[in-house]
Amino acid sequence: MEPARPKTSKSEFDYLFKRSVLSHFSPAFIKTQILPKLKVSRVAAGEMIERSEVPDTVYIVLKGRVGLFSTEHQVGVVEDGRALELNRVVESAEQWSFSWRALTPCSIVRFPGAILHRGFSKDRELGTYLRRMVGSRAIQRFKHDLGLIGFSGLEARATITHLHEIDNGKLSRQVPKDGIVIVNSGELEVVSETGSGSYR
């Protein structure tokens, strides 16, 4: 992956800022903090995508499809506007989980992960929201469900930010009748006057 900055159309960048993790940051923060450090690289189909040794850099697929591989087995695909293993950067992990291979010709955008964490320190609510989103498939599904019932992006973000974890032993005492329970892991049995059921 060449470190040069090839020409990229304005429409591609507009799409990036509207659909990627960057959409959560203010225009001023993007202009002053991210854009000066933003790098764009082209990767041919079939090539492995070069990256930092540790997850200290944010990589976003500007255009194309990237396969995630565990040994020789493909475990996922990342497409336009999506970040590559963003959870590892947000968590300040010690290593990446997968290798990355371009399935089609790709444009990859990257910038230092430290800028992401700097943004979290300026907007703690945003930091809480993104950490929860990248760290839990249950929360991701919940956001999707909120969209289906008419929540805007800002309303979904506020709802997810104000979620809090409850110990299983205290569940019956801490959840109000009109509250929402998300089973993040394990199994939950719900018992009522009309019957019972299990949720995972």
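Quantities reported herein were computed from a predicted structural model and do not represent experimental measurements. (Residues numbered from 1 in each chain as written. Predicted model: local features only at pLDDT ≥ 70, side-chain atom pairs only at ≥ 80, totals over all residues. Heavy atoms only, no water.)

**Observations concerning the overall build of the protein chain**
Turning to step 1, where the next piece is worked out: A count of helical and extended segments in the protein chain gives eight helices and eight strands.
Turning to step 2, where the next piece is worked out: Across the 200 residues that make up the protein chain, the buried fraction comes to 36%.
Turning to step 3, where the next piece is worked out: Within the protein chain, contacts between residues separated by at least 24 positions form 68% of all contacts whose residues are at least 6 apart in sequence. (Helix = DSSP H or I, 4+ residues; strand = E, 2+ residues; numbered from the N terminus. Buried < 20%, exposed > 50% of the residue type's maximum accessible area, 1.4 Å probe, protein only. Contact = heavy atoms within 4.5 Å.)

**Some points on the sheet that holds strand S2 (residues 57-63)**
Turning to step 1, where the next piece is worked out: Here we have three strands laid out as an open sheet, ordered S1-S6-S2, and antiparallel in their pairing. Only two strands of the sheet have a single partner each, and these edge strands are strand S1 (39-43) and S2. For this sheet, the mean angle separating the axes of adjacent strands, direction not counted, is 30°.
Turning to step 2, where the next piece is worked out: Relative to strand S6 (residues 106-112), helix H4 (residues 113-122) is tilted by about 60°, and along the sheet it contacts S2 and S6. (Pairing = 2+ DSSP bridges. Axes fitted to C-alpha atoms, helices over the stretch in contact; angles between N-to-C directions.)

**Section: the pattern of salt bridges**
Turning to step 1, where the next piece is worked out: One pass over the full model with this rule turns up three salt bridges.
Turning to step 2, where the next piece is worked out: One salt bridge connects Glu 79 with Arg 65, and the closest N-O pair in it is separated by 2.9 Å. Taken together, the positions of Glu 79 in the loop between strand S4 (73-78) and helix H3 (86-90) and Arg 65 in the loop between S2 and strand S3 (66-70) put the pair 14 residues apart, joining distant regions of the chain. (Salt bridge = Lys/Arg side-chain N within 4 Å of Asp/Glu carboxyl O.)

**Focus on the pairing of S4**
Turning to step 1, where the next piece is worked out: Relative to S4, S3 is paired through five bridges, and the arrangement is antiparallel. Bridging from a neighbouring strand, Leu 68 pairs with Gly 76 of S4.
Turning to step 2, where the next piece is worked out: In textbook terms, the turn of a hairpin is the stretch between consecutive antiparallel strands, and for S3 and S4 this stretch comprises two residues, one of which, Thr 71, has a positive phi near 55°.

**A word on the confidence of the model for the protein chain**
Turning to step 1, where the next piece is worked out: Overall, the predicted model of the protein chain reaches an average pLDDT of 79, with 75% of residues at or above 70.
Turning to step 2, where the next piece is worked out: Confidence over residues 1-6 falls short of pLDDT 50; this stretch has 17 contacts with residues more than four positions distant or in other chains.
Turning to step 3, where the next piece is worked out: Note on residues 191-200: pLDDT under 50 across the span, and 18 contacts to partners over four residues away in sequence or across chains. (pLDDT = per-residue confidence, 0-100.)

**Considering a nonpolar patch on the surface**
Turning to step 1, where the next piece is worked out: A contiguous nonpolar patch, built from Leu 148, Ile 149 and Phe 151 and spanning about 330 Å² of accessible area, is present on the exposed surface.
Turning to step 2, where the next piece is worked out: Within the element layout of this structure, Ile 149 appears in the loop between helix H6 (137-148) and helix H7 (153-161).
Turning to step 3, where the next piece is worked out: On the accessibility criterion, Ile 149 (62% relative accessible area) is exposed. (Patch = residues over 30% accessible without salt bridge, like charges linked within 9 Å, V, L, I, M, F, W, Y side chains within 5 Å. Areas by Shrake-Rupley, 256 points an atom, 1.4 Å probe, with all protein chains shown as cover.)

**What to know about the packing of helix H5 (residues 124-135) against H6**
Turning to step 1, where the next piece is worked out: Here H5 crosses H6 at 110°, and the two axes come no closer than 5 Å. As the angle between them shows, H5 and H6 are arranged roughly perpendicular. Residues Tyr 129, Arg 132, Met 133, Val 134 and Gly 135 of H5 form the contact with H6, whose participating residues are Arg 137, Ile 139, Gln 140 and Lys 143.
Turning to step 2, where the next piece is worked out: In terms of residue class, the contact of H5 with H6 is built from four nonpolar, two polar and three charged. (Parallel < 35°, antiparallel > 145°, perpendicular 65-115°, else oblique. Nonpolar A, V, L, I, M, F, W, Y, C, P; charged D, E, K, R; others polar.)

**Describing the packing of aromatic side chains**
Turning to step 1, where the next piece is worked out: Going through the model one piece at a time under the given rule, you end up with four aromatic pairs.
Turning to step 2, where the next piece is worked out: With centroids separated by 5.3 Å and ring planes inclined at 20°, the aromatic side chains of Phe 25 and Phe 29 adopt a geometry described as stacked. Comparing Phe 25 with Phe 29 shows no difference in burial state: the two are buried.
Turning to step 3, where the next piece is worked out: Between the aromatic rings of Tyr 59 and Trp 100, the centroid separation amounts to 5.3 Å while the plane-to-plane angle is 70°, which identifies the pairing as edge-to-face. (Phe/Tyr/Trp six-rings, centres within 6.5 Å; stacked < 30°, edge-to-face > 60°.)

**With respect to the sheet that holds S3**
Turning to step 1, where the next piece is worked out: Reading across from one edge, S4-S3-S5 is the order of the three strands in this open sheet, with antiparallel pairing throughout. The sheet terminates laterally at S4 and strand S5 (99-102), the two strands that pair on one side only. Direction aside, the axes of adjacent strands within the sheet are offset by 35° on average.
Turning to step 2, where the next piece is worked out: By the bridge criterion, four bridges tie S3 to S5 in an arrangement that is antiparallel. The residue bridging Phe 69 from the neighbouring strand is Ser 99, located in S5.

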